[in-house]
Amino acid sequence: MTSISATLSSSDRLASSGARIALILLRARAVLVLVLLLILFSAMAPSFLTTANLSILTKHVAISAILAIGMTFVILSGGIDLSVGSVAGLGGMAAGYILTQGITLGGTTYHPGVFVAILATIALCLIVGALNGWLVSRAGVAPFIATLGTLYIARGSALLMSNGKTFPNLAAHAPSFAFIGQSFLLRIPIPVWLMFALFAVAAFIAAKTPFGRHVYAIGGNERAARLAGIVVPRVKMYTFLFSAFCASLVGLIIASQLEAAHPATGESFELNAIAAVVLGGTSLMGGRGSVTGSLIGAFVIGVLADGLVMLGVSEFWQIVIKGVVIVLAVAIDQLQSRLQAKFLPLLLRSNPEAGA
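What you see is a predicted model, and the numbers here were worked out from it, not measured in a lab.

Colleague: Please clarify how unusual backbone geometry should be interpreted in this entry.
Modeller: Look at Asn-169: it is not a glycine, yet its phi comes out positive at around 55°. Here Asn-169 lies in the loop between α6 (143-162) and α7 (170-173). Even without a glycine there, the phi angle at Ser-268 is positive, about 70°. As for its position among the elements, Ser-268 is in the loop between α12 (232-258) and α13 (269-279).

Printed below as a string of structure tokens:
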């Protein structure tokens, strides 16, 4: 009996070690993929790791990362926000309209400054976020359907603002508006500073505040969260508001960079944001993931996109490759979930403190 027990214990330890290594590799998949992509593209395109290209790359990544940071809270709570790309487009158009056409009140047209235009843009986007939150948390509409509807509402509203036309020459109407998207601080673009500032705030909220714990709890088991006293509708409302706020920043940044507002801005941006979140290890079922992972996922998406452009890969193939990456990310996430469920008892036996 002693011999059999010793053999079983040895087998358990071997299986436990293998499962632990496999789970560590799966959890670090975004970092591993990012490193592999950097090595691959720097070898195939000598100018890939130059300072100038990295500066452009980080500006591109900032757009996806800001959206992904907002999207992370929605997905962690078990939802999804398909409207972020359209909300970004609506935000850009709102800023363009206010700066070029002004605001008409009581028959008088006012031309507010850049600061007021920014606040009005954020407020408009927050209204869309509040509509998403109300539909999901109060009206009981599935997040996919609710945000699909607001996707069309926001895009249609952006088109109606100018009858489908562009608001050009924003810098001529408000030169200081270029600060958001074109300025540098310590040689780092302002959008990148905004990305890291949002990341720091979001990571702190997710890891250190009761709100962050409530988001994880709702995504893990919404019924249990209700029974524990968490006000689920309010938490969900805040997640959609934060997602809309991030989308408004993206709309402002793009309009500032282009010095123009176009109603098609942000088309399919929601797919990049979702891909970044999933690549970063956040489960689409909610309750598991991190803001840090989403940031790394955004870098993977950005490096992949820019690297393929530098290698001369056609846009059509880029779309195909991006789709394959998303499918693989979801498949690997499911594999990680199954491995965790299968080997959790074994891991707890080999390391009792893990279950404490």
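Alright, that's what it looks like, and here's the rest.
Colleague: Explain the UniProt feature "transmembrane region" (unreviewed entry) in the protein here, please?
Modeller: The UniProt record marks residues 20-44, 56-76, 82-100, 112-135, 141-163, 184-207, 237-255 and 291-310 with the feature "transmembrane region" (unreviewed entry), using the residue numbering of this structure. Taken end to end, residues 20-44 comprises 96% helix and 0% strand; its first and last C-alpha atoms sit 34 Å apart. The span residues 184-207 shows a helical share of 75% and a strand share of 17%, and its end C-alpha atoms are spaced 30 Å apart.

Colleague: Explain the packing of aromatic side chains here, please?
Modeller: Each pair of aromatic rings is reported with the distance of its centres and the angle of its planes. The full count for this structure, using the stated rule, is five aromatic pairs. Ring geometry for Tyr-97 against Phe-167: centres 5.9 Å apart, planes inclined by 75°, an arrangement best described as edge-to-face. Of this pair, Tyr-97 sits in helix α4 (residues 84-101) while Phe-167 sits in the loop between α6 and α7, placing them 70 residues apart in sequence. Overall, the relative accessible area of 7% leaves Phe-167 in the buried class. Members of the aromatic cluster, connected to one another through ring pairs, are Phe-73, Phe-211, Tyr-238 and Phe-242.

Colleague: I tried to follow the nonpolar core on my own but got confused; where do I start?
Modeller: Ranked by internal contacts, the top residues of the largest apolar core, which has 82 residues, are Ile-66, Phe-177 and Met-195. With residues up to four places along the chain from it excluded, the contact list for Phe-177 reads Ala-95, Leu-99, Val-114, Leu-170, Leu-252, Ala-255 and Ser-256.

Colleague: Explain the environment of Phe-245 to me, please; I cannot follow it from the model alone.
Modeller: Relative to the helices and strands, Phe-245 resides in helix α12. Classification of Phe-245 by relative accessible area gives partly exposed; the value is 26%. C-alpha separation for the pair Phe-245 and Val-87, spaced 158 residues apart in sequence, amounts to 9.2 Å. In this view, Phe-245 contacts Ile-122, Leu-126 and Leu-198; residues no more than four positions away in its chain are not counted.

Colleague: Even after reading the chapter, I still don't get the packing of helix α9 (residues 190-208) against helix α10 (residues 210-220), so can you show me in this structure?
Modeller: Packed helices, taken two at a time, are described by the angle their axes make and the gap between the axes. The geometry of α9 relative to α10 is characterised by a closest axis approach of 5 Å and an angle of 70° between their N-to-C directions. The angle between the axes of α9 and α10 places the two elements in the roughly perpendicular class. Across the interface between the two elements, Ile-205, Ala-206 and Lys-208 of α9 pack against Pro-210, Phe-211, Gly-212, Arg-213 and Tyr-216 of α10. Looking at the contact of α9 with α10, its residues break down into five nonpolar, one polar and two charged.

Colleague: Looking at this structure, how should I read the environment of Arg-27?
Modeller: Take Arg-27: it is sitting in helix α1 (residues 2-27). The contact partners of Arg-27, leaving out residues within four places of it in the chain, are Gln-336 and Gln-340.

Colleague: Is there a simple way to think about the packing of α4 against helix α5 (residues 114-137) in this case?
Modeller: Close contact between α4 and α5 brings their axes to 9 Å; oriented N to C, the two are set at 145°. In terms of crossing hand, the pair formed by α4 and α5 is right-handed. Residue-level contacts link Val-87, Leu-90, Gly-91, Ala-94, Ala-95, Ile-98 and Leu-99 of α4 to Val-114, Ala-117, Ala-120, Thr-121, Leu-124, Cys-125 and Val-128 of α5. Considered class by class, the residues forming the contact of α4 with α5 number twelve nonpolar, two polar and no charged.

Colleague: How do you make sense of a nonpolar patch on the surface when you look at a structure like this?
Modeller: Residues Leu-185, Leu-186, Ile-188 and Trp-193 make up a contiguous nonpolar surface patch of about 380 Å² in total accessible area. Locating Leu-186 in the fold gives a position in the loop between β3 (184-185) and β4 (188-189).

Colleague: Which parts of the structure should I look at to understand α13?
Modeller: With nine of eleven residues buried, α13 lies mostly within the body of the structure. In the stretch just after α13, Gly-281 is the one whose phi turns positive, near 100°.

Colleague: Any chance you could explain the side chain of Lys-236 here in plain terms?
Modeller: Along the polypeptide, Lys-236 turns up in helix α12. Assessed through its relative accessible area of 13%, Lys-236 is described here as buried. Polar contacts involving the side chain of Lys-236 include one to the side chain of Glu-222, which spans 3.0 Å. Setting aside residues up to four positions removed in sequence, Lys-236 forms contacts with Ser-77, Val-136, Ser-137, Ile-218 and Glu-222.

Colleague: What is the right way to look at α12 in this model?
Modeller: An α-helical turn contains 3.6 residues, so any two residues separated by three or four positions project in the same direction. Along its 27 residues, α12 runs 40 Å from first to last C-alpha, staying within 8% of the 39 Å computed at 1.5 Å per residue. Burial of α12 is extensive: 21 of the 27 residues sit out of reach of the surface. Of the residues trailing α12, Glu-259 is marked for its positive phi of about 55°.

Colleague: Help me understand the pattern of salt bridges, please; the structure alone is not making it clear to me.
Modeller: Here the idea is simple: oppositely charged side chains can pair when their charged atoms come close. In the structure shown here, the tally under the stated rule is two salt bridges. We note a salt bridge from Glu-222 to Arg-226, for which the minimum N-O separation is 2.9 Å. Placement of the pair is Glu-222 and Arg-226 together in helix α11 (residues 222-227), with a separation of four residues, close to one helical turn. A relative accessible area of 28% places Glu-222 in the partly exposed class. Judged by its relative accessible area of 44%, Arg-226 is partly exposed. Of the charged contacts in the structure, one is a salt bridge between Glu-222 and Lys-236, with a shortest N-O distance of 3.0 Å. Placement of Glu-222 in helix α11 and of Lys-236 in helix α12 is noted, with a sequence separation of 14 residues between them. One network of salt bridges, with partners in common, ties together Glu-222, Arg-226 and Lys-236.

What counts and how
Residues numbered from 1 in each chain as written. Predicted model: local features only at pLDDT ≥ 70, side-chain atom pairs only at ≥ 80, totals over all residues. Heavy atoms only, no water. Helix = DSSP H or I, 4+ residues; strand = E, 2+ residues; numbered from the N terminus. UniProt positions renumbered as here; feature names shortened; annotations may be inferred. Phe/Tyr/Trp six-rings, centres within 6.5 Å; stacked < 30°, edge-to-face > 60°. Buried < 20%, exposed > 50% of the residue type's maximum accessible area, 1.4 Å probe, protein only. Core = buried A, V, L, I, M, F, W, Y, C linked by side-chain atoms within 4.5 Å. Contact = heavy atoms within 4.5 Å. Axes fitted to C-alpha atoms, helices over the stretch in contact; angles between N-to-C directions. Parallel < 35°, antiparallel > 145°, perpendicular 65-115°, else oblique. Nonpolar A, V, L, I, M, F, W, Y, C, P; charged D, E, K, R; others polar. Left-handed = near helix turned anticlockwise from the far one by under 90°. Patch = residues over 30% accessible without salt bridge, like charges linked within 9 Å, V, L, I, M, F, W, Y side chains within 5 Å. Areas by Shrake-Rupley, 256 points an atom, 1.4 Å probe, with all protein chains shown as cover. Salt bridge = Lys/Arg side-chain N within 4 Å of Asp/Glu carboxyl O. Polar contact = N/O pair within 3.5 Å; in protein donor to acceptor, adjacent residues only side chain to side chain. Expected span 1.5 Å × (residues − 1).

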